[in-house]
Amino acid sequence: MTPPPLLLTAHSAAALLLLLGPDPARAPKRRRRGEAGGSDPDAEASNPAPAPPEQEPPPPPAPVALPLPPTSLDHYPLAFRVSAPTFNFLSGLLDPLLSDPSLPPSPVLLALALARLASGLPYPALAARFGVPPSAPRAASRRLRRVLLANFRFWLAFPSDPSSGAYSAPLPSCRGALCCARFDGPGGPLAAQLVAGASSRVLSLAAGFRGDRTDIEVLRLSSLYQEVEQGRVLEPGQYLVGDGGGYPLLPWLMVPFRGPVVPGSPEAAFNSAHRAMCRPVRRAVRSLMGWGAISRLHEEESPRAAVACIGTCAMLHNVLLTREDYSALAPDEAEAESDLGEVQSQGDGTGAGSEGFEVDTRASVLRSALAATMRDLRAPD
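Notes on the structure follow.

Conventions and cut-offs
Residues numbered from 1 in each chain as written. Predicted model: local features only at pLDDT ≥ 70, side-chain atom pairs only at ≥ 80, totals over all residues. Heavy atoms only, no water. Helix = DSSP H or I, 4+ residues; strand = E, 2+ residues; numbered from the N terminus. Buried < 20%, exposed > 50% of the residue type's maximum accessible area, 1.4 Å probe, protein only. Contact = heavy atoms within 4.5 Å. Areas by Shrake-Rupley, 256 points an atom, 1.4 Å probe, with all protein chains shown as cover. Expected span 1.5 Å × (residues − 1). Pairing = 2+ DSSP bridges. Axes fitted to C-alpha atoms, helices over the stretch in contact; angles between N-to-C directions. Parallel < 35°, antiparallel > 145°, perpendicular 65-115°, else oblique. Left-handed = near helix turned anticlockwise from the far one by under 90°. Salt bridge = Lys/Arg side-chain N within 4 Å of Asp/Glu carboxyl O. Phe/Tyr/Trp six-rings, centres within 6.5 Å; stacked < 30°, edge-to-face > 60°. Lys NZ or Arg CZ within 6 Å of the ring centre and 35° of its normal.

### Topic: the overall build of the protein chain
Of the regular secondary structure elements, the protein chain holds 14 helices and 5 strands. Among the 381 residues that make up the protein chain, the fraction classed as buried is 47%. Considering only intrachain contacts with a sequence separation of at least 6, the fraction spanning at least 24 residues in the protein chain is 69%. By element, 55% of the accessible surface of the protein chain is carried by carbon and sulfur atoms, the whole surface being about 18,600 Å².

Set out below in structure tokens:
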């Protein structure tokens with residue numbers, strides 16, 4: 001059943017504002033304080049004397065504080081990286097699963113967990129802002145991760161319909177792009193392997209590998225590799241494209257032609273289409289990097305919690321795309337390699353034949369055939 005729109009009933013409005021919102025009379029003052037660079041008007045009134053002339057210049061203004069808890073529907077994308085209707089949707093969907101007699105009501109738990117994911121603020125700071133016990137934000141985060149990863153894993157899967165819009169691509173029969181992203185985890189760098197379709201929806205995620213492993217090592221250790229090799233993910237003639245120089249050429253994994261290519265040649269057209277297909281997966285990774293908790297994974301209590309955080313953000317990323325809510329989607333732009341931040345390819349740069357992979361004649365024939373179909377393709381560079 002679709003829950004009623006958020007804050008459209010007096011009961012739900014009163015409940016949410018009492019549980020989440022500060023005193024409305026103080027909300028404008030907090031906004032003015034943030035816009036003024038973090039100064040406290042009450043403190044200034046109690047101590048109006050100007051600073052001595054010899055005092056050092058004040059520090060630069062602090063960034064505008066996030067509206068936590070949100071007091072307006074417009075604040076939800078800033079506070080939670082989801083719109084108010086999406087928050088309402090998640091609250092209605094997860095209410096029976098998040099509820100716990102020993103914890104605050106489920107809307108508050110969801111708000112605390114999303115605020116942590118969106119901002120990366122420390123748990124004590126969130127507890128102070130929401131006026132809840134110090135243990136509540138951490139418990140809310142754990143509960144949301146557990147509920148999503150245990151009950152909604154289908155949100156991270158290849159669509160069963162090959163004609164889905166997620167597969168529309170500049171390369172025929174391509175079902176997505178594969179890349180390896182690296183994060184600063186609590187015990188050191190963590191690697192995560194993603195597959196994303198043309199809409200930037202995450203179709204596959206495997207996280208928790210050591211960050212010093214090469215892209216090929218991560219690929220071979222992932223369940224995706226075993227499933228594709230056994231013919232359980234891709235149909236005959238379908239394939240993925242590998243983003244970065246660390247992947248080999250395989251019958252189901254296409255990589256660009258190495259070395260200089262003649263401008264206007266089929267090989268150049270194929271490489272251009274390949275780059276176009278890789279942009280959505282880079283956009284997906286940049287979107288994940290935008291979650292505050294992802295940028296502060298090293299503060300999580302354990303590598304396992306960090307991996308659960310990555311998976312939770314990927315699930316929410318897909319939910320937002322499904323609902324056409326682009327609150328957390330990174331801009332769609334042609335980016336240089338340096339714009340990818342922590343998304344770094346790790347390999348020996350030789351591509352096919354490296355790390356124990358043999359050059360496959362079938363893969364070479366397929367890539368050449370695809371290149372021959374690219375003559376009239378005008379893929380963006």
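### Details of helix H6 (residues 106–119)
Residue pairs three or four apart in sequence face the same way in an α-helix, which turns once every 3.6 residues. Over its 14 residues, H6 extends 20 Å from the first C-alpha to the last, a length consistent with the 20 Å expected when each residue adds 1.5 Å. Gly120 sits one or two positions beyond H6 and adopts a positive phi of about 75°.

### A short note on unusual backbone geometry
Cis geometry marks the peptide bond from Leu68 to Pro69; its omega dihedral reads -10°. One non-glycine residue, Ser173, adopts positive backbone phi at about 70°. Of note, Ser173 is situated in the loop between helix H8 (136–151) and strand S1 (174–185). The exposure class of Ser173 is partly exposed, given its relative accessible area of 46%. With phi around 55°, Glu324 is a residue other than glycine that occupies positive phi space. Checked against the element boundaries, Glu324 lands in the loop between helix H13 (303–322) and helix H14 (361–372). We classify Glu324 as exposed; its relative accessible area is 61%.

### Examining the sheet that holds strand S4 (residues 239–242)
Read across the open sheet, the 5 strands follow the order S3-S2-S1-S4-S5; overall the sheet is mixed. Each edge of the open sheet carries a strand with a single partner, namely strand S3 (202–210) and strand S5 (253–254). As paired elements, strand S2 (residues 188–196) and S3 share 7 bridges and run antiparallel to each other. Within the sheet, the bridge partner assigned to Ala196 lies in S3 and is Val202. Against the sheet, helix H11 (residues 266–289) touches S1, S2, S3, S4 and S5, its axis set at about 40° to S1.

### Brief notes about the packing of H8 against H13
Put simply, H8 and H13 touch, their axes get as near as 9 Å, and they point 65° apart. Compared by their axis directions, H8 and H13 come out roughly perpendicular. For H8 against H13, the interelement crossing comes out left-handed. Each of Arg145, Leu148 and Leu149 in H8 lies in contact with H13, whose residues at this interface are Ala305, Ala308, Cys309, Gly311, Thr312, Met315 and Leu316.

### Considering the pattern of salt bridges
Summed over all chains, the structure comprises 10 salt bridges. Here Asp212 ties to Arg210 by a salt bridge, and the two come within 3.0 Å at their closest N and O atoms. Across the pair Asp332 and Arg283 runs a salt bridge, and its minimum N-O distance is 3.9 Å. Placement of the pair is Asp332 in the loop between H13 and H14 and Arg283 in helix H11, with a sequence separation of 49 residues. Residue classification places Asp332 among the exposed residues on the basis of a relative accessible area of 57%. A single network of salt bridges, built from pairs that share partners, joins Arg116, Arg145 and Glu300.

### Topic: the packing of aromatic side chains
Aromatic ring pairs are described here by two measures, namely the spacing of the ring centres and the angle between the planes. Applying the stated criterion to the full structure yields 8 aromatic pairs. Considering the side-chain rings of Phe152 and Trp155, the 4.5 Å spacing of their centres and the 25° angle between planes classify their relative orientation as stacked. Residue Trp155 is classed as buried on the basis of its relative accessible area, which comes to 13%. A centroid spacing of 5.5 Å and a plane angle of 80° characterise the contact between Phe257 and Phe270, whose relative ring orientation is edge-to-face. Of the two residues, Phe257 sits in the loop between S5 and H11 while Phe270 sits in helix H11, which places them 13 residues apart along the sequence. Three or more aromatic residues joined by ring pairs make a cluster, and in this case those are Tyr76, Phe80 and Phe87. Looking at Arg116, its charged tip hangs above the ring of Tyr123, at a distance of 4.5 Å from the centre.

### With respect to the environment of Ile310
Residue placement: Ile310 occurs in helix H13. Residues Ile310 and Leu288, 22 residues apart in the sequence, show an inter-C-alpha distance of 7.8 Å. In this view, Ile310 contacts Phe183, Leu205, Ala207, Ile294 and Leu297; residues no more than four positions away in its chain are not counted.

### What about the environment of Pro331?
When you line up the elements, Pro331 lands in the loop between H13 and H14. Taking relative accessible area as the criterion, Pro331 reaches 53% and is therefore assigned exposed. If we skip the residues at most four places from it in the chain, Pro331 touches Arg283 and Arg286.

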